[in-house]
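# Examination of the molecular architecture
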Amino acid sequence: MSTTDVGTNMRSYYGRPVLKEPVWQPEIPFYFFTGGLGGASSVLSLVARWTGNDLLAQRSIQIASAADAVSPLLLISDLGRPERFLNMLRVFKVTSPMSVGSWILAYSSAASSMSAFLNTIGRLRHVAELARTASAVSGAPLAIYTATLISDTAIPVWHEARKELPFLFGSSAIASAGAAAAIAVPPPQAGPARRLAVGGVLAENVLFKLMEKRLGMVGEPYSKGEAGRFKKIAAGCTLGGAALLAGPGRRSRLAAAAGGALTLAGEVAVRWSVFKAGFQSARDPKYTVEPQRERQSARSRTAPGTGAGSV
Amino acid sequence: MSTMADPTGAPAAWPDTYGDEAKERMGFFTDTSICIGCKACEVACKEWNLVPEDGMVWTGESYDNTSTLGANSWRHVAFVEQNEPLHVDGDQPDALRWLMSSDVCKHCTHAACLDVCPTGSLFRTEYGTVVVQEDICNGCGYCVPACPFGVLDKRHIPRHSGDPPAEILGLQLGKKEDGRVWKCTLCYDRLKGGHEPACAKACPTDSIQFGPLDELRERAGQRLEKLQAENWNGARLYGHDPNDGVGGFGAFFLLLDEPEVYGLPPDPVVTTSHLAEMWKTAALATGALVVGVVAGFLGGSR
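Residues numbered from 1 in each chain as written. Chains lettered and ligands numbered in written order. Predicted model: local features only at pLDDT ≥ 70, side-chain atom pairs only at ≥ 80, totals over all residues.

### Let's talk about the overall build of chain A
Each helix and strand counted, chain A has ten helices and zero strands in total. Seen in sequence order, chain A has helices and strands lined up from the N terminus as α-α-α-α-α-α-α-α-α-α. Against the compact-globule benchmark of 19 Å for 311 residues, chain A has a radius of gyration of 22 Å, which places it among compact chains. Taking the principal axes of its C-alpha atoms as reference, chain A extends roughly 75 × 45 × 35 Å. Within chain A, the fraction of its 311 residues that count as buried is 61%. For chain A, contacts bridging at least 24 residues in sequence account for 75% of all contacts bridging at least 6. (Helix = DSSP H or I, 4+ residues; strand = E, 2+ residues; numbered from the N terminus. Rg over C-alpha atoms; globule rule 2.2 N^0.38 Å. Buried ≥ 20, exposed ≤ 12 C-beta atoms within 10 Å, placed from the backbone. Contact = placed C-beta atoms within 7 Å.)

### What about the interface of chain A and chain B?
Interface size is commonly expressed as the accessible surface area that is lost when the partners come together. Each partner contributes to the interface: chain A provides 75 residues, whereas chain B provides 69 residues. Broken down by secondary-structure element, the contributors of at least two residues to the side of chain A that touches chain B are helix 1 (27-50), helix 2 (54-78), helix 3 (97-121), helix 4 (125-151), helix 6 (165-184), helix 7 (191-215), helix 9 (253-283) and helix 10 (285-302) of chain A. For the side of chain A that touches chain B, the element with the most residues is helix 4 of chain A, which contributes seven residues.

### Brief notes about the confidence of the model for chain B
All names here are of chain B. Looking at chain B as a whole, its pLDDT mean stands at 91, while 90% of the residues score no less than 70. Predicted confidence is poor over residues 1-7, with pLDDT under 50, and the contacts of this stretch with residues over four places away or in other chains come to 16 contacts. Overall fold confidence (pTM) sits at 0.93, and the ipTM for the predicted complex is 0.93. (pLDDT = per-residue confidence, 0-100.)

### Brief notes about helix 8 (residues 225-246) of chain A
Residue and element names in this part refer to chain A. In this model, helix 8 (22 residues) spans 32 Å end to end at C-alpha, consistent with the 32 Å of a helix rising 1.5 Å per residue. Among the residues making up helix 8, those that are buried are Ala227, Phe230, Lys231, Ala234, Cys237, Thr238, Gly241, Ala242, Leu244 and Leu245. Here the buried face of helix 8 lies against helix 6, helix 7 and helix 9. (Expected span 1.5 Å × (residues − 1).)

### Some points on the nonpolar core
Membership of the largest hydrophobic core comes to 169 residues, with the highest contact counts inside it found for Ala181 of chain A together with Cys113 and Cys143 of chain B. If you tally residues by element for this core, the top one is helix 6 of chain A, at 14 residues. Domain assignment of the residues forming this core places at least three in each of domain 1 (23-152) and domain 2 (155-294) of chain A. Once residues within four sequence positions are removed from consideration, alanine 181 of chain A is found in contact with Leu44, Leu56, Arg59, Ser60, Ile63, Ala190 and Ala193 of chain A. (Core = buried A, V, L, I, M, F, W, Y, C linked by C-beta atoms within 7 Å. Domains from an automatic or database assignment.)

### Notes on the environment of arginine 125 of chain A
Residue and element names in this part refer to chain A. Relative to the helices and strands, arginine 125 is located in helix 4. For arginine 125, a count of 10 C-beta atoms within 10 Å gives the class exposed. Separated by ten residues in the primary sequence, arginine 125 and serine 115 have C-alpha atoms spaced 9.0 Å apart.

And the structure:
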């Protein structure tokens, strides 16, 4: 940055943003959470079934179906024209992660609710198992695609974080599914759930640090303002919750429930932090203009003569 | 799929999809060196397209009380007052210049809004322009942060006392909010009728020129040469190059200073140029999630 004409000398149009802030409402960060919880719980349920942990398998698919039932409601509620929600399934576009995600959610929601329903009433075992597998197949993409969705925008703090966000959202989803299952299942059968919650929390906290370090100036919004406050709450809740789950939660149902709830609250805060950072990144033109200037001067250094006279 | 490797500057899949109905690619060349800041373009656009009022404010930012493009402002005249000489030759100790520029949707060759729209509401017309179909848009808002120029926005209608309460969890009581996104259509309806867009028609100095994009690019090149020969300070073209990050604009500009001075991004890139990389990362993360969950079971059930 030292050799270029950016930095404190950056010029702008009355300090106004170049980009528009997203118009998404609070439903969206909550959906990032429920989508991650539902998707990872479906995967958790199938692996639990394979290992013969039937109680964990059953509770996880119920959690998945509950989350997958709430998710579409949140999304429809956020639309400017909710009565037109079916237009989401009018086309299938790979260039639009939202289009791809709508199809994944529709499929996953149907599969997990069918499996949970049949499992709970104890009928049509084979169909129930097939539906469980089907929902597990779409579970991981459901938990991840929301990161691709926000990466695929012009918002610097999201677009430039495209290498880390899917892994961050994945870790957060694993932690959510583990924490929820650790609340719903008695400690003797909840070992895998506790380990997933603790592992997810640790991975996510490390990833967040690495992401901010790599992004440098562009990543500032993650630790500023509302996003920064949510990030602090997230770190406190997730690490505190994980400590409870890793310690007293192994024997005490009460401690496991408290640790799980704390972890879930922290995971909601992680999504809110990422969400709010996008708004803050769009609001300040320096995050848009400075990296672009940087890119331009790097280009004209390597190919002299192309940068002058025109932009 | 956006094809950034395509150096011809033609939009993906256009005009083949239109067959015999394909038209020449049409666009705007906005020459800001002759803009007089009359705002006739803003007014003509609002009149023709029935764009609603979005509140009256005095910003104190020169003569600009529109501030930015948005759902209810499809043309926006920027005003910049500078202590800079208009020409780079000669002594001008008390130099002052007033830059004016009518901004508009860029109708990008590789349009992020169109790429990310999940309903197919945003589409490429036979003229190569980018238009929102308002009978299909469901107001998901994805195009808003996808646009590298901040052009698109959701339409809000100013609320008055006595209006019914705002929507609660999607139940739009009274349907006060429009809820959809809106932007410049390059007067698609007028083009179909063989007319030029309202803003270009109303522009008294021909600062806004409408025509086939190839012709406009040629004309802009000649105009730039002339201004440079006359030592105009900072004259440059913006968005004319098919090799830029969005494959060139369908509506490009001649500016007299850096783009960011007018509130424009200096090096815009269509976000979907990184789409393959982003899907690949998503696939890796998906695999990592499954491996992670399986790993959680390695120690048994306790």
